[in-house]
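An overview of the molecular structure
Single-letter residue listing:
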Amino acid sequence: MLTPLDNFYLQKEEPVRGCLLALKDYLLAFDENITPEWKYKLPFFYYKGKMFCYLWIHKKYLKPYIGIVESKHIDHPDLIIEKRARMKIMLIDPNEDLPIETMNDILKQALARY
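No experiment lies behind these values; they were computed from the predicted model shown. (Residues numbered from 1 in each chain as written. Predicted model: local features only at pLDDT ≥ 70, side-chain atom pairs only at ≥ 80, totals over all residues. Heavy atoms only, no water.)

The sites that UniProt annotates as "domain: YdhG-like" (unreviewed entry) are residues 17-111. Across residues 17-111, the secondary structure splits into 27% helix and 31% strand, with the terminal C-alpha atoms separated by 26 Å. (UniProt positions renumbered as here; feature names shortened; annotations may be inferred. Helix = DSSP H or I, 4+ residues; strand = E, 2+ residues; numbered from the N terminus.)

Now the structure itself:
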């Protein structure tokens, strides 16, 4: 039987599904202390038991994004704060290769806050 977390990915259409699955695999491989959770009806990733980031689809741009929990103090041109108090997001184009170098840079800065 599939979990709600599995269903989240499988219910999406391509290319968004493939992009989200690639992001999930990337995040889990980024650090051995990152674990997947189902929280607030979306895929969350925890770092050493603390909320680290999540995946979602932007309602306006219709693109997947990584929402990074403790990122308000990270200054990076690819991060967008919008109306969030402590989180910023990084939009991902599902029709392009993942921006691995940019994601590495941002996530390393985010992990340093833990």
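After that view, the rundown keeps rolling.
Taken as a whole, this structure holds eleven aromatic pairs when the rule is applied. Aromatic pair Y54 and Y65: ring centres 5.9 Å apart, planes at 75°, arrangement edge-to-face. Of this pair, Y54 sits in strand 3 (residues 50-57) while Y65 sits in strand 4 (residues 64-68); the two residues are eleven residues apart in sequence, bridging distant segments of the chain. For Y54, a relative accessible area of 8% gives the class buried. Among the aromatic residues, those joined into a ring-pair cluster are Y40, F44, Y46, Y54 and Y65. The side chain of K24 reaches across the aromatic face of Y9, ending 5.3 Å from its centre. Directly above the ring of Y40 sits K39, whose terminal nitrogen or CZ lies 5.0 Å from the centroid. (Phe/Tyr/Trp six-rings, centres within 6.5 Å; stacked < 30°, edge-to-face > 60°. Buried < 20%, exposed > 50% of the residue type's maximum accessible area, 1.4 Å probe, protein only. Lys NZ or Arg CZ within 6 Å of the ring centre and 35° of its normal.)

Looking now at the nonpolar core. One finds F52, L55 and I68 to be the most contacted residues of the largest nonpolar core, which totals 26 residues. When contributions to this core are tallied by element, the ones reaching two or more residues are helix 1 (4-10), helix 2 (16-30), strand 2 (42-47), strand 3, strand 4 and helix 3 (100-111). Here this core gets six residues from one element, more than from any other, and that element is helix 2. Beyond its immediate stretch of four places on either side in the chain, I68 contacts F52, C53, L79, R86, M87, K88, I106, L107 and A110. Listed in part, the eight residues of the second largest apolar core include F44, Y65, V69 and M87. (Core = buried A, V, L, I, M, F, W, Y, C linked by side-chain atoms within 4.5 Å. Contact = heavy atoms within 4.5 Å.)

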